[in-house]
Amino acid sequence: MQALNIIKAYNNIFLQERKRIRKCLVENCYENCINSHILQKNGILRQISVDNHLIQLSRGIINKKSHDSLEFKKVGINEAYSFPGFCKYHDSEIFKEIENKASLHFEDVRCKQLFSYRTLCNELRIKEIVLDVSNKFKKLLPIEEQITYYWFIEGLKQGIQNLKYFKNDIESNLLNGTSSFDYYTLVLPKLEICITGPFNIENPERDKTSDLTDVGKIPFITSILNIFPYKENLIVIIAIHKKYSCEWTINLLNNLQKPNYLKSLSDLVVLRTEIWCASPNLINKIPKSILDKYRIVWKENILNFSYSIPVDFNLFNGC
């Protein structure tokens, strides 16, 4: 297939899968999903919106000119930072403790578990959609390209298995009042950005497996991050698993407590997560030349999961 035809076919499949009605992520619930916000719409997202809109990093549709899918998109508050995760009942019932309170208490472990749980579920649903898209798209490729795509699909399946392991873990914690994670909370000066996601970045020196049979074994090290503005501060909630801890996340936690923490936040956005949104006011403060650098670095490192990746600019310098 010619490049433009491949892009067109992929985009069509992606749009079909994105529109498909999906079932609630709660086990044994077969109700259709609603649009679930990753973070509070009214308590968090609305306070950094401008005319009820946010700027969100959007991926999926491939640009025919640049051949990449990175787009800074202006999104209405009702759709921003959301995913097809839970039915109306479970979306309301599970998260009422962090949705219906006038003031959130971040020292409360259960509060942090709920933030982490929803972030994990968002990533799980994203990977499920990408898997469905990839399975359909692979069939359109020549045999030699299907072989390469096969390993990408196998990696997605492993990622889904791993997320389900920790999803079940947090569900058990919420049900039984236990905690498999250590939760750390930082309060930083306000920055109008939301960043969420699970991480499993291995240190090749410390986390390498002792036996080849362990490669790809579920679970693998995983931590969960939530960063968002709340009232006059920027709240950082990091969940590090007690048994499967991530040294990279521990280093991030330490770096966010240093004077140059904005550079650590910038590196996080540029290299490590695609799940973020920001106030239009914040994005407008970032020079176009820096955003162009972001695009280049992102494209060059899209499949780079190295423990350390140098970046020579700071998105938030002067913000």
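Residues numbered from 1 in each chain as written. Predicted model: local features only at pLDDT ≥ 70, side-chain atom pairs only at ≥ 80, totals over all residues. Heavy atoms only, no water.

1. Here we look at the overall build of the protein chain
Line of reasoning, step 1. Each helix and strand in the protein chain was counted, giving ten helices and nine strands.
Line of reasoning, step 2. Expected size for 319 residues packed as a compact globule is a radius of gyration near 20 Å; at 19 Å, the protein chain falls within 12% of this value.
Line of reasoning, step 3. Based on the C-alpha atoms only, the size of the protein chain along its principal axes is roughly 55 × 45 × 45 Å.
Line of reasoning, step 4. Residues counted as buried form 49% of the 319 residues belonging to the protein chain.
Line of reasoning, step 5. Of the contacts made within the protein chain by residues no fewer than 6 positions apart, 75% connect residues no fewer than 24 positions apart. (Helix = DSSP H or I, 4+ residues; strand = E, 2+ residues; numbered from the N terminus. Rg over C-alpha atoms; globule rule 2.2 N^0.38 Å. Buried < 20%, exposed > 50% of the residue type's maximum accessible area, 1.4 Å probe, protein only. Contact = heavy atoms within 4.5 Å.)

2. A few points about helix H8 (residues 261–272)
Line of reasoning, step 1. Taking 1.5 Å per residue, twelve residues should reach 16 Å; H8 reaches 15 Å between its end C-alpha atoms and fits that length.
Line of reasoning, step 2. In terms of burial, H8 is a largely internal element, nine of the twelve residues being buried.
Line of reasoning, step 3. Listing the buried residues of H8 in full gives Tyr-261, Ser-264, Leu-265, Ser-266, Leu-268, Val-269, Val-270, Leu-271 and Arg-272. (Expected span 1.5 Å × (residues − 1).)

3. Looking at the packing of aromatic side chains
Line of reasoning, step 1. In total, this model carries 19 aromatic pairs according to the counting rule given.
Line of reasoning, step 2. Seen in terms of ring centroids, Phe-199 and Trp-248 are 5.4 Å apart; in terms of plane orientation they differ by 35 degrees. Their pairing is tilted. Taken as a pair, Phe-199 in strand E6 (residues 193–199) and Trp-248 in helix H7 (residues 247–255) lie far apart in primary sequence, 49 residues in all.
Line of reasoning, step 3. Here the aromatic cluster, defined as three or more aromatic residues joined through ring pairs, consists of Tyr-165, Phe-166, Phe-181, Tyr-183 and Tyr-244.
Line of reasoning, step 4. Directly above the ring of Phe-95 sits Arg-118, whose terminal nitrogen or CZ lies 4.4 Å from the centroid. (Phe/Tyr/Trp six-rings, centres within 6.5 Å; stacked < 30°, edge-to-face > 60°. Lys NZ or Arg CZ within 6 Å of the ring centre and 35° of its normal.)

4. Brief notes about the packing of H8 against helix H10 (residues 288–300)
Line of reasoning, step 1. At their nearest, the axes of H8 and H10 sit 9 Å apart, and the two run at 50 degrees to each other. By the criterion of interaxial angle, the relationship of H8 to H10 is oblique. For the pair H8 and H10, the contacting residues are Val-269, Val-270 and Leu-271 in the first and Tyr-294, Val-297 and Trp-298 in the second. (Axes fitted to C-alpha atoms, helices over the stretch in contact; angles between N-to-C directions. Parallel < 35°, antiparallel > 145°, perpendicular 65-115°, else oblique.)

5. Observations regarding the sheet that holds strand E8 (residues 233–241)
Line of reasoning, step 1. Spatial strand order, E3-E2-E9-E6-E7-E8-E5: seven strands in an open sheet with antiparallel pairing. Each edge of the open sheet carries a strand with a single partner, namely strand E3 (71–76) and strand E5 (181–189). Between one strand axis and the next, the sheet turns by 20 degrees as a mean value, whatever way the strands run.
Line of reasoning, step 2. Across the face of the sheet, helix H6 (residues 143–176) comes into contact with E5, E6, strand E7 (223–230) and E8 while running at roughly 90 degrees to E5.
Line of reasoning, step 3. Where H8 meets the sheet, it contacts E5, E6, E7, E8 and strand E9 (276–278), and its direction lies at approximately 65 degrees from that of E6. (Pairing = 2+ DSSP bridges.)

6. A look at the pairing of E6
Line of reasoning, step 1. The element E6 is largely enclosed, with a buried count of seven among its seven residues.
Line of reasoning, step 2. The alternating pattern of E6 places Ile-193, Ile-195, Gly-197 and Phe-199 on one face and Cys-194, Thr-196 and Pro-198 on the opposite face, and all of these are buried.
Line of reasoning, step 3. Across three bridges, the pairing between E6 and E9 is antiparallel. If you follow Ile-195 over to E9, its bridge partner there is Trp-276.
Line of reasoning, step 4. Here five bridges tie E6 to E7, and the two strands are oriented antiparallel to one another. Counted as the bridge partner of Thr-196 is Asn-226 from E7.

7. Quick notes on the environment of Ala-239
Line of reasoning, step 1. The residue Ala-239 is located in strand E8 in this model.
Line of reasoning, step 2. Given a relative accessible area of 0%, Ala-239 falls into the buried group.
Line of reasoning, step 3. With 182 residues separating them in the primary sequence, Ala-239 and Leu-57 have C-alpha atoms 23 Å apart.
Line of reasoning, step 4. Each residue touching Ala-239, except ones within four places of it in the same chain, is listed here: Ser-116, Phe-181, Asp-182, Tyr-183, Ser-223 and Ile-224.

8. Some words on the nonpolar core
Line of reasoning, step 1. Core analysis: the biggest nonpolar cluster contains 101 residues, and Phe-86, Phe-115, Phe-228 and Leu-315 have the highest contact counts within it.
Line of reasoning, step 2. Per-element accounting of this core gives the leading share, eleven residues, to helix H5 (residues 109–138).
Line of reasoning, step 3. Discounting chain neighbours no more than four positions away, the residues touching Phe-115 are Leu-39, Ile-44, Ile-98, Leu-104, Phe-106, Asn-226, Phe-228 and Ile-237. (Core = buried A, V, L, I, M, F, W, Y, C linked by side-chain atoms within 4.5 Å.)

9. Structural notes on the pattern of salt bridges
Line of reasoning, step 1. Going through the model one piece at a time under the given rule, you end up with eleven salt bridges.
Line of reasoning, step 2. A salt bridge links Arg-20 to Asp-132, with the nearest nitrogen and oxygen atoms 2.6 Å apart. With Arg-20 in the loop between helix H1 (3–19) and strand E1 (35–37) and Asp-132 in helix H5, the pair connects residues that are 112 residues apart, well separated along the chain.
Line of reasoning, step 3. Of the residues examined, Asp-132 reaches a relative accessible area of 22% and is grouped as partly exposed. (Salt bridge = Lys/Arg side-chain N within 4 Å of Asp/Glu carboxyl O.)

10. Observations concerning unusual backbone geometry
Line of reasoning, step 1. A positive phi is found at Asp-51, a non-glycine position, where the angle reads about 55 degrees.
Line of reasoning, step 2. Given a relative accessible area of 68%, Asp-51 falls into the exposed group.
Line of reasoning, step 3. Positioned with a positive phi, Tyr-81 is a non-glycine residue whose angle comes to about 50 degrees.
Line of reasoning, step 4. As for its position among the elements, Tyr-81 is in the loop between E3 and strand E4 (82–84).

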